[in-house]
Amino acid sequence: MNILFKLFKWMLIAFFASSVLAVIIYRFLPVYITPLMLIRGVENVSDGKSPFWSHTWVPLEEMSPYLPVAVIASEDQKFLSHSGFDTEAIVDAVEERMEGRRIRGGSTISQQTAKNVFLWPTSSWVRKGFEVYFTFLIEHLWSKERIMEVYLNSIEMGESIYGAEAVAQEHFSCSASELRRADCALIAATLPNPRKYSSKTPSAYMQRRSLAIQKQMKHIPLLKATQE
């Protein structure tokens, strides 16, 4: 029993040390690959498709200044003020799930970034627990600009498309820095389900959602990094 206790203790120490180190490393280095990219690659192989994906890392200052504004307006309007969690949104999501509905998620941009970079996509209480832990770490060890930079470089934005530069090239035939305000709102509109909704061939519903996001964008300030 004593041996098992010591083993468990050292496993915990190793986990905490390695996770903090990983978060510190990704504070400075680009994130070129995520667990979701690997999972989608394996899924593509099993479906007889190409295992490769479109992804190019670009710094936040080389993206359109409207893209962070659009995703904040669409996904997490309290991003700049919360410490990683939107308790009101979480409560609303729990209540809707208890009522048999699943209309919205309670995850912030910080939580989505933690999940995309360090965890797996399948929802479970175990994964949620790790998500809370990694969200706490990145909120305390990264700046908001860095969280947004990693988010916009790692988020799934279409079939085998990850990040701002890839979606700009694949869907708008331009670089991420050349995306227009309307383009950014359209990309943000797809994020709840980018494999179902397309910013390249948007439906009438997506166009309406994009216009609603553009209205909300008027109330969101530009991030400092995008103004430099």
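Residues numbered from 1 in each chain as written. Predicted model: local features only at pLDDT ≥ 70, side-chain atom pairs only at ≥ 80, totals over all residues. Heavy atoms only, no water.

## Brief notes about the overall build of the protein chain
And then number 1: Counting its secondary structure elements, the protein chain contains ten helices and three strands.
And then number 2: In sequence order, the protein chain lays out its α and β elements as α-α-β-α-α-α-α-α-β-β-α-α-α.
And then number 3: On C-alpha atoms alone, the protein chain measures out to a radius of gyration of 18 Å, which is about the 17 Å that the 2.2 N^0.38 rule sets for 228 residues.
And then number 4: Considering only contacts in the protein chain between residues 6 or more positions apart, those separated by 24 or more positions represent 71%.
And then number 5: Summing over all exposed atoms, the protein chain offers an accessible surface of approximately 12500 Å²; the carbon and sulfur share of this is 61%.
And then number 6: Within the protein chain, one finds 25 positive and 23 negative side-chain charges whose respective centroids are separated by 4 Å. (Helix = DSSP H or I, 4+ residues; strand = E, 2+ residues; numbered from the N terminus. Rg over C-alpha atoms; globule rule 2.2 N^0.38 Å. Contact = heavy atoms within 4.5 Å. Areas by Shrake-Rupley, 256 points an atom, 1.4 Å probe, with all protein chains shown as cover. Lys, Arg positive; Asp, Glu negative; His and termini not counted. Charge placed at Lys NZ, Arg CZ, Asp CG, Glu CD.)

## Concerning the sheet that holds strand β1 (residues 54-55)
And then number 1: Strand order in the open sheet formed by three strands is β1-β3-β2, and the pairing between neighbours is mixed. Two strands close off the open sheet at either side, each with one partner strand: β1 and β2 (156-158).
And then number 2: The pairing of β1 with strand β3 (residues 161-162) spans two bridges and is classified as parallel. Paired with Ser54 across the strands is Ile161, a residue of β3. (Pairing = 2+ DSSP bridges.)

## Re the state of the cysteines
And then number 1: Across all of its chains, the model carries zero disulfides by this definition.
And then number 2: The thiol of Cys174 is unpaired, and the distance to the nearest cysteine sulfur, on Cys184, comes to 8.8 Å. (Disulfide = S-S within 2.5 Å.)

## Considerations on the packing of helix α9 (residues 181-190) against helix α10 (residues 204-217)
And then number 1: As a packed pair, α9 and α10 sit with axes 8 Å apart at the nearest point and diverge in direction by 115°. Classified by the angle between their axes, α9 and α10 sit roughly perpendicular to one another. The two elements α9 and α10 cross, and the hand of that crossing is right-handed. Contacts between α9 and α10 involve Arg181, Ala182, Ala185, Leu186, Ala188, Ala189 and Thr190 from the first element and Met206, Arg209, Ser210, Ile213, Gln214 and Met217 from the second.
And then number 2: Across the contact of α9 with α10, the residue classes tally to eight nonpolar, three polar and two charged. (Axes fitted to C-alpha atoms, helices over the stretch in contact; angles between N-to-C directions. Parallel < 35°, antiparallel > 145°, perpendicular 65-115°, else oblique. Left-handed = near helix turned anticlockwise from the far one by under 90°. Nonpolar A, V, L, I, M, F, W, Y, C, P; charged D, E, K, R; others polar.)

## As for the packing of aromatic side chains
And then number 1: In the structure shown here, the tally under the stated rule is ten aromatic pairs.
And then number 2: Ring geometry for Tyr133 and Phe134: centres 5.2 Å apart, planes at 70°, overall edge-to-face.
And then number 3: For Tyr133, a relative accessible area of 18% gives the class buried.
And then number 4: Given a relative accessible area of 6%, Phe134 falls into the buried group.
And then number 5: Ring-pair connections join several aromatic residues into one group, and the members of that group are Phe15, Phe16, Tyr26, Phe118, Trp120, Phe130, Tyr133, Phe134 and Trp142.
And then number 6: One cation-aromatic arrangement involves Lys144 over Phe79; the distance from NZ or CZ to the ring centre is 4.6 Å. (Phe/Tyr/Trp six-rings, centres within 6.5 Å; stacked < 30°, edge-to-face > 60°. Buried < 20%, exposed > 50% of the residue type's maximum accessible area, 1.4 Å probe, protein only. Lys NZ or Arg CZ within 6 Å of the ring centre and 35° of its normal.)

## Quick notes on the side chain of Ser74
And then number 1: Within the secondary structure, Ser74 sits in helix α3 (residues 66-75).
And then number 2: In terms of polar contacts, Ser74 uses its side chain to reach the side chain of Arg209, at 3.1 Å. (Polar contact = N/O pair within 3.5 Å; in protein donor to acceptor, adjacent residues only side chain to side chain.)

## A word on α10
For the α-helix, the turn length of 3.6 residues means that residues three or four positions removed from each other point alike.
And then number 1: The terminal C-alpha atoms of α10 lie 20 Å apart, and with 14 residues this matches the ideal 20 Å at 1.5 Å per residue to within 8%.
And then number 2: Restricting attention to buried positions, one finds in α10 the residues Met206, Ser210, Ile213, Gln214 and Met217. All buried residues of α10 project into a common sector of 105° when viewed along the axis, lining one side. In α10, those exposed residues whose orientation departs by more than 90 degrees from the buried face are Ala204, Arg208, Leu211 and Lys215. (Expected span 1.5 Å × (residues − 1). Arc of directions from axis to C-beta.)

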